[in-house]
Amino acid sequence: AVVSSAAEEEVPVKRGSAVYLFGDFTVYDRAGRDITYMFSNKLKQLFIYILVESAEGTGVLSSSLNTLFWPDKDDAKVKNLLGATILITSGCMPLKKTLAEMDGITLNYSKGFFNITLSDECFCDYMHAAEYAGQPERAKDLLPLLARGKFLKGIDDDLFDQIKGRTEDRLLGWLLSWLNRQDELLKRSDVLSVCQLVFEIDPLNEQALQAALNVCKEQKMRGEAQKIYSQFAREYKRMQGKEYPLSMDELLKG
């Protein structure tokens, strides 16, 4: 559903050693230059996979990377490919060389595991989202990060299906819990932003539809309510193959 969002116009972009995984994958070096172009498709996939897994645990086993990224290659060839793409002994291999353009981010290899560590000098929206989401009072800090777009937008490789699903499930839980506590946490304009984010994960979420329409009713924004409802109803028909059973006026009375 299309919902106007003030947060969309106020997305904080930190330029200077920063990694963005929400919306379009973007990386800035220490001088604030966009160095996303330095990540080939394979390098980008490896970097994101190791970064996310490092945020959630000890990192990734080298043997797991072999299976995931080069399943059709023999062990000797995989070792060469992995060494050439990441690093093992050389300090000038592509990923390590690229990350050297930034401060506060380090790719490590120890006891068969690759992991990425970040200090305060390097900003990562994914890391901050995980931190803020566990603190309901930080809802307003998280919204602008999420407003950049869906997690790993445009990255459709099957490799990331599980990571995307896990992240979106968590986000959906956090966002819906905020809607349940909206009077305590959110301004009315923020409620619409939260609803938009919910719809991006779950286009047929009726709790978000009702919350968005309630705000439109309170603010006397019938045109916006009609836009939200019409988009929801179209999506419902597309996905369910039938008309949405409740009219907008029925929902507004609820």
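Above this note sits the structure.
Overview of the structure. Everything quoted here is computed from the prediction, not taken from an experiment. (Residues numbered from 1 in each chain as written. Predicted model: local features only at pLDDT ≥ 70, side-chain atom pairs only at ≥ 80, totals over all residues. Heavy atoms only, no water.)

**A short note on the sheet that holds strand β5 (residues 113-118)**
Here is step 1: Strands sit in the order β3-β5-β4 across an open sheet of three strands; the sheet is antiparallel. A strand with exactly one partner marks an edge of an open sheet, and here the two such strands are β3 (60-61) and β4 (105-110).
Here is step 2: The pairing of β4 with β5 spans six bridges and is classified as antiparallel. Paired with leucine 107 across the strands is isoleucine 116, a residue of β5.
Here is step 3: The strands that helix α1 (residues 41-56) touches are β3, β4 and β5; relative to β5, the one it contacts most, it runs at about 75°. (Pairing = 2+ DSSP bridges. Helix = DSSP H or I, 4+ residues; strand = E, 2+ residues; numbered from the N terminus. Contact = heavy atoms within 4.5 Å. Axes fitted to C-alpha atoms, helices over the stretch in contact; angles between N-to-C directions.)

**Here's the deal with helix α10 (residues 206-218)**
Here is step 1: Along its 13 residues, α10 runs 18 Å from first to last C-alpha, staying within 8% of the 18 Å computed at 1.5 Å per residue.
Here is step 2: For α10, every residue scored as buried is listed here: Ala208, Leu209, Ala211, Ala212, Leu213, Val215 and Cys216.
Here is step 3: Note on α10: the residue one or two positions beyond its end, lysine 220, has a positive phi of about 55°. (Expected span 1.5 Å × (residues − 1). Buried < 20%, exposed > 50% of the residue type's maximum accessible area, 1.4 Å probe, protein only.)

**Some words on unusual backbone geometry**
Here is step 1: Located in the positive-phi region is serine 17, a residue other than glycine, with phi close to 55°.
Here is step 2: Checked against the element boundaries, serine 17 lands in the segment before β1 (18-20).
Here is step 3: You can call serine 17 buried: its relative accessible area is 2%.
Here is step 4: The residue leucine 152 is not glycine, and still its phi comes out positive at about 55°.
Here is step 5: Within the element layout of this structure, leucine 152 appears in the loop between α6 (139-146) and α7 (161-180).

**Some points on the packing of aromatic side chains**
Here is step 1: A complete count under the given rule lists 13 aromatic pairs for this structure.
Here is step 2: Residues phenylalanine 25 and phenylalanine 39 carry aromatic rings whose centres are separated by 5.5 Å and whose planes lie at 85° to one another, so their mutual orientation is edge-to-face. Of the two residues, phenylalanine 25 is situated in the loop between β1 and β2 (26-28) and phenylalanine 39 in the loop between β2 and α1; the sequence distance between them amounts to 14 residues. Residues phenylalanine 25 and phenylalanine 39 agree in their burial class; the two are buried.
Here is step 3: Three or more aromatic residues joined by ring pairs form one cluster here, namely Phe199, Tyr229, Phe232, Tyr236 and Tyr244. (Phe/Tyr/Trp six-rings, centres within 6.5 Å; stacked < 30°, edge-to-face > 60°.)

**Section: the pairing of β5**
Here is step 1: Judged from the two bridges that link them, β3 and β5 form a sheet pairing that is antiparallel. Paired with leucine 61 across the strands is phenylalanine 113, a residue of β5.
Here is step 2: Following β4, the chain reverses through two residues before pairing antiparallel with β5; lysine 111 in that reversal takes a positive phi of roughly 55°.

**Quick word on the packing of α6 against α7**
Here is step 1: At a minimum axis distance of 12 Å, the contact between α6 and α7 shows a crossing angle of 130°. What the angle tells us is that α6 and α7 run oblique. The way α6 lies across α7 gives a crossing that is left-handed. Only Leu171, Leu175 and Trp178 of α7 make contact with α6, whose side of the interface consists of Ala139, Leu142, Leu143 and Leu146. (Parallel < 35°, antiparallel > 145°, perpendicular 65-115°, else oblique. Left-handed = near helix turned anticlockwise from the far one by under 90°.)

**Quick word on the environment of aspartate 141**
Here is step 1: In this fold, aspartate 141 is placed in helix α6.
Here is step 2: When the C-alpha atoms of aspartate 141 and histidine 128 are compared, they prove to be 9.1 Å apart, with 13 residues separating the residues in sequence.

**Quick notes on the side chain of threonine 167**
Here is step 1: Here threonine 167 shows up in helix α7.
Here is step 2: On the basis of relative accessibility, which here comes to 5%, the residue threonine 167 falls in the buried class.
Here is step 3: A polar atom in the side chain of threonine 167 sits 2.9 Å from the backbone oxygen of isoleucine 163.
Here is step 4: When sequence neighbours within four positions are dropped, the list of residues in contact with threonine 167 reads Tyr126 and Phe151. (Polar contact = N/O pair within 3.5 Å; in protein donor to acceptor, adjacent residues only side chain to side chain.)

**Side note on the side chain of threonine 26**
Here is step 1: Structurally, the position occupied by threonine 26 is in strand β2.
Here is step 2: Overall, threonine 26 belongs to the buried group, its relative accessible area being 8%.
Here is step 3: Of note is the side chain of threonine 26, whose polar atom sits 3.4 Å from the side chain of arginine 148.
Here is step 4: Those residues in contact with threonine 26 that sit more than four places away from it in its chain are Ala18, Val19, Tyr20, Asp34, Thr36 and Arg148.

**Description of helix α9 (residues 188-201)**
Here is step 1: Taking 1.5 Å of rise per residue, the 14 residues of α9 would be expected to cover 20 Å, and the 21 Å separating its terminal C-alpha atoms lies within 8% of that figure.
Here is step 2: Along α9, 10 of the 14 residues are buried, which leaves the element largely enclosed by surrounding structure.
Here is step 3: Within α9, the full set of buried residues consists of Asp190, Val191, Leu192, Ser193, Val194, Cys195, Gln196, Leu197, Val198 and Phe199.

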